[in-house]
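What follows is each chain in one-letter form.
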Amino acid sequence: MPDELLVIGGGLGGIASALRAKAAGYSVTLVERLSNLGGRAQVLTFGGYKHDTGPTVITAPFLFDELFSLFSEKRSDKIEFVSLKPWYRFYFQDGSQFNYGGSNINILEEIKRFAPDDLNGYQQLVAHSKKLYDVAYTKLGDIPFNNLSTLIKAAPDMLRLRADLSVWKFVGRYIKNSQLRRALSIQPLLLGGNPLDTTCIYSLIHYLERAHGVHFAMGGMGNLISELEALMLRQNITILKNTTVEKIKTEKKSIKSVITNKGDEISAAQFIYNGDPLFLYQKLLDPTSIQIKIKRHHKRSMGLFVIFFGTKKTYDDIPHHSIWMGPRFEQHLTEIFDKKILPDDFSLYLHRPTATDASFAPTGHDSFYVLAPVPNLTANINWEVEGPKLEKKIISALSKTIIPDLKKNISETHIMTPVDFAKNYLSIDGAGFSISPSFRQSAWFRFHNISEGYNNLYLAGAGTHPGAGIPGVLSSAKVVEKLIT
Ligand SMILES: Cc1cc2nc3c(=O)[nH]c(=O)nc-3n(C[C@H](O)[C@H](O)[C@H](O)COP(=O)(O)OP(=O)(O)OC[C@H]3O[C@@H](n4cnc5c(N)ncnc54)[C@H](O)[C@@H]3O)c2cc1C
């Protein structure tokens with residue numbers, strides 16, 4: 001019993017925590033409410049097309065390699081990661097395009113072509129981004145931040161590097177071209193934050209991408225999840241799917257056991273929670289303690305509206321990852337994050353996995369998903385009505401611009417709205433990425449990796465330190481490993 005450990009939730013943070021706990025000597029069981037592991041990284045198949053429903057961009061591939069190395073295995077023996085070129089293509093309303101990434105030299109050439117006056121500024125931005133990376137990622141990204149003393153020690157570095165600036169202001173210090181400034185400011189949206197108020201600590205991503213590239217897992221994220229599941233099974237980790245933890249039994253300051261939807265009681269010595277921390281504190285634990293009251297005011301990330309579709313022909317000019325920039329930026333974000341209204345316009349992320357991996361569609365066809373940031377469920381939006389309307393508008397806009405004749409060539413579609421995020425992943429207010437990554441919700445201010453009030457309950461995943469996104473949640477498992485060993 002003293003070495004029994006239960007992981008609640010099979011997202012990437014839960015999987016990584018289970019593997020790390022196993023390597024540390026625990027006897028591990030993982031429970032997941034869905035019928036497949038992966039959390040937001042699910043797979044949808046219909047009409048002969050395959051779609052990853054969540055993450056697609058792999059940065060920091062070494063964090064996956066580490067999980068296999070824990071058991072003297074090699075990730076590359078199980079699944080291939082392909083480095084993409086370009087990383088992303090930005091499409092602007094005036095028809096211009098900006099290809100971002102592929103190799104460091106290409107970026108400079110592309111900036112020289114697109115915004116020559118910003119070449120110097122871009123190099124300064126990357127130099128600043130590297131300093132942020134060295135401190136916030138290398139030094140602090142995988143250490144526990146549950147003691148105020150850690151924050152106090154880190155504060156001088158954070159102030160020196162201007163972590164108080166928003167990403168939008170940070171990029172604006174270096175980049176004058178308005179299109180390029182917008183393009184280089186979008187990273188927080190990939191983690192659920194508003195670029196206008198997300199701390200520029202997240203601008204370390206510029207350097208992270210340059211240092212390690214942007215990759216795609218062949219066969220898709222679903223394939224990667226299957227390989228991680230097989231690794232867990234080889235290590236005798238018990239996996240219980242279709243199992244929801246509905247109640248947590250406590251005794252004084254300890255968790256004793258959990259009760260599942262099947263009525264089973266599972267006891268353990270240590271527990272790791274991988275779901276939304278707001279759900280844990282509001283619905284599964286007694287929400288009356290003082291610390292928990294403070295945390296309850298956390299701002300959620302935005303919601304996501306996603307359309308999955310195939311096309312009866314291929315669009316060979318469209319790269320693997322595209323960003324279709326809408327007509328407005330600051331006002332548009334303010335409507336989504338602050339005014340909580342569904343804007344008339346949109347900006348889009350477009351995923352075309354068939355650019356890299358033909359297995360996602362029948363021969364001669366393409367598989368796509370397109371995603372728009374939208375308000376979460378704290379907004380008064382009836383998604384049953386607005387979802388189909390928004391779908392029509394997005395398909396029409398793409399059909400007129402970068403996917404000509406899409407309306408004619410599109411196959412059956414499937415949509416996901418914030419309602420699905422709430423229902424499927426128990427994400428409070430249907431937030432796409434748990435709580436948002438503002439300065440006041442980062443590091444010590446974020447949900448700690450050891451729980452408030454209980455000495456044997458740990459947290460890994462997007463709502464905890466260091467944050468959302470694959471590198472963030474895999475790093476949160478490293479933090480938990482330090483806490484449990
Ligand atoms: C559409 C989309 C695109 C994204 N694209 C990228 C990208 O390209 N690159 C990137 O790095 N990041 C991306 N992200 C972010 C990234 O996917 C997430 O931050 C990350 O996967 C979250 O992992 P997690 O460990 O927090 O767990 P989650 O994925 O949130 O999984 C938690 C799991 O816990 C389960 N669970 C919750 N409560 C219970 C309970 N009580 N009992 C049992 N099980 C429970 C849930 O069912 C879920 O399966 C994207 C996210 C989305 C939604």
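Fair warning: this is a prediction, and the values are worked out from it, not measured in the lab.

*Asks:* Tell me what's going on with helix 1 (residues 12-23), and back it up with residues and numbers.
*Replies:* The end-to-end C-alpha distance of helix 1 is 16 Å, a good match for the 16 Å that twelve residues give at a rise of 1.5 Å each. Counting buried residues in helix 1 gives ten out of twelve residues, a clear majority hidden from the surface. For helix 1, the full list of buried residues reads Leu12, Gly13, Gly14, Ile15, Ala16, Ser17, Ala18, Leu19, Arg20 and Ala21. Tucked inside the fold, the buried residues of helix 1 contact strand 1 (4-8), strand 2 (27-31), helix 2 (62-69), helix 10 (221-234), strand 13 (270-273) and helix 17 (470-484). Gly25 sits one or two positions beyond helix 1 and adopts a positive phi of about 110°.

*Asks:* Can you explain the domain arrangement of the protein? Please cite residues and give values.
*Replies:* The domain boundaries assigned to the protein delineate domain 1 (4-39 + 218-298 + 437-484), domain 2 (120-210) and domain 3 (303-425). At the interface, 20 residues of domain 1 touch 20 residues of domain 2. Three residues, Pro437, Phe439 and Trp444, lead the burial of domain 1 against domain 2; their summed loss comes to 36% of the area buried on that side. The tally of links between domain 1 and domain 2 comes to two salt bridges.

*Asks:* Which residues make up the sheet that holds strand 10 (residues 245-251), and what values go with them?
*Replies:* The three strands lie next to each other as 10-11-12, forming an open sheet whose pairing is antiparallel. The open sheet has two free edges, formed respectively by strand 10 and strand 12 (265-267), since each of these has just one partner strand. The sheet shows a mean angle of 30° between the axes of neighbouring strands, direction not considered. Across six bridges, the pairing between strand 10 and strand 11 (residues 254-260) is antiparallel. Counterpart to Ile248 in the pairing with strand 11 is Val258.

*Asks:* Just give me the short version of unusual backbone geometry, but keep the residues and values in it.
*Replies:* Here Lys85 and Pro86 are connected by a cis peptide whose omega angle stands at -5°. Cis geometry marks the peptide bond from His465 to Pro466, where omega comes out at 5°. Here Pro466 is to be found in the loop between strand 19 (457-459) and helix 17. Residue Ala443 is not a glycine yet carries a positive backbone phi of 50°. Counting through the fold element by element, Ala443 comes out in the loop between helix 16 (418-425) and strand 19.

*Asks:* Pulling in residues and values, what's your account of the site of the ligand?
*Replies:* In the neighbourhood of the ligand, 39 residues make up the surrounding shell, with Gly13, Glu32, Arg40, Val57 and Ile470 lying closest. Within the side chain of Arg40, a nitrogen or oxygen atom sits 2.6 Å from an oxygen atom of the ligand. A distance of 2.9 Å separates an oxygen atom of the ligand from a polar atom in the side chain of Asn274. Bound to the protein, the ligand loses 95% of the 1000 Å² it would expose on its own. When contributions to the shell around the ligand are tallied by element, the ones reaching two or more residues are helix 1, strand 17 (366-374), helix 16 and helix 17. No fewer than three residues from each of domain 1 (4-39 + 218-298 + 437-484) and domain 3 (303-425) sit in the shell around the ligand.

*Asks:* Which residues make up the packing of aromatic side chains, and what are the values?
*Replies:* According to the stated counting rule, one finds 21 aromatic pairs in the structure shown. Ring geometry for Phe98 versus Phe114: centroids 5.2 Å apart, planes at 45°, classification tilted. Separated by 16 residues along the polypeptide, Phe98 in strand 7 (residues 97-100) and Phe114 in helix 4 (residues 104-114) bring together distant segments of the chain. The pair formed by Phe98 and Phe114 is uniform in burial state, with each residue classed as buried. Three or more aromatic residues joined by ring pairs make a cluster, and in this case those are Trp87, Tyr88, Phe90, Phe92, Phe98, Tyr100 and Phe114. The ring of Phe81 is capped by Arg75, whose NZ or CZ atom sits 3.8 Å from the centre of that ring. Positioned over the ring face of Tyr315 is Lys313, at 4.6 Å from the centre of the ring.

Here is what the cut-offs are and how they apply
- All residue numbers refer to positions counted from 1 along the written sequence of the respective chain.
- Residue-level local features of this predicted model are given only where pLDDT is at least 70; pairs of side-chain atoms are given and counted only at 80 or more, and the full residue set underlies all totals for whole chains, interfaces and linings.
- Remark: hydrogens and water are excluded; side-chain values derive from all non-hydrogen atoms of the structure.
- Working definition: helices are DSSP H or I runs of at least four residues, strands are E runs of at least two. Numbering for both runs from the N terminus.
- To estimate how far a helix should extend, the number of its residues minus one is multiplied by 1.5 Å.
- For every residue, the accessible area (1.4 Å probe, protein chains only) is compared with the maximum for its type, and the residue is labelled buried under 20%, exposed over 50%, or partly exposed between those bounds.
- Throughout, a contact is declared for two residues whenever any of their heavy atoms are within 4.5 Å.
- Here the bounds of each domain stem from an automatic or database domain assignment.
- As a working definition, buried area equals the accessible area (1.4 Å probe) given up by two parts on being put together, with both sides summed.
- Between Lys or Arg on one side and Asp or Glu on the other, a salt bridge is scored when a side-chain nitrogen of the former is within 4 Å of a carboxyl oxygen of the latter.
- By this definition, two strands are paired if DSSP reports at least two bridges between them.
- Angles here are taken between N-to-C directions and fall from 0 to 180 degrees, while the axes themselves are lines fitted to C-alpha atoms, restricted in helices to the stretch in contact.
- It suffices for a single heavy atom of a residue to lie within 4 Å of a molecule or strand for the residue to be listed as near it.
- Whenever a nitrogen or oxygen atom comes within 3.5 Å of another N or O atom, the pair is scored as a polar contact, on the condition that within protein one atom can donate a hydrogen and the other can accept it, and that pairs from neighbouring residues in sequence are kept only if both atoms are in side chains.
- Only the protein chains shown count as covering a residue, and every accessible area follows the Shrake-Rupley method with a 1.4 Å probe.
- Centres within 6.5 Å make a pair out of two Phe, Tyr or Trp rings, where for Trp the six-membered ring is used; the pair is then stacked when the planes are under 30 degrees apart, edge-to-face when over 60, and tilted otherwise.
- In this scheme, the term charge over a ring applies when either NZ of a lysine or CZ of an arginine sits within 6 Å of the ring centre and within 35 degrees of the ring normal.

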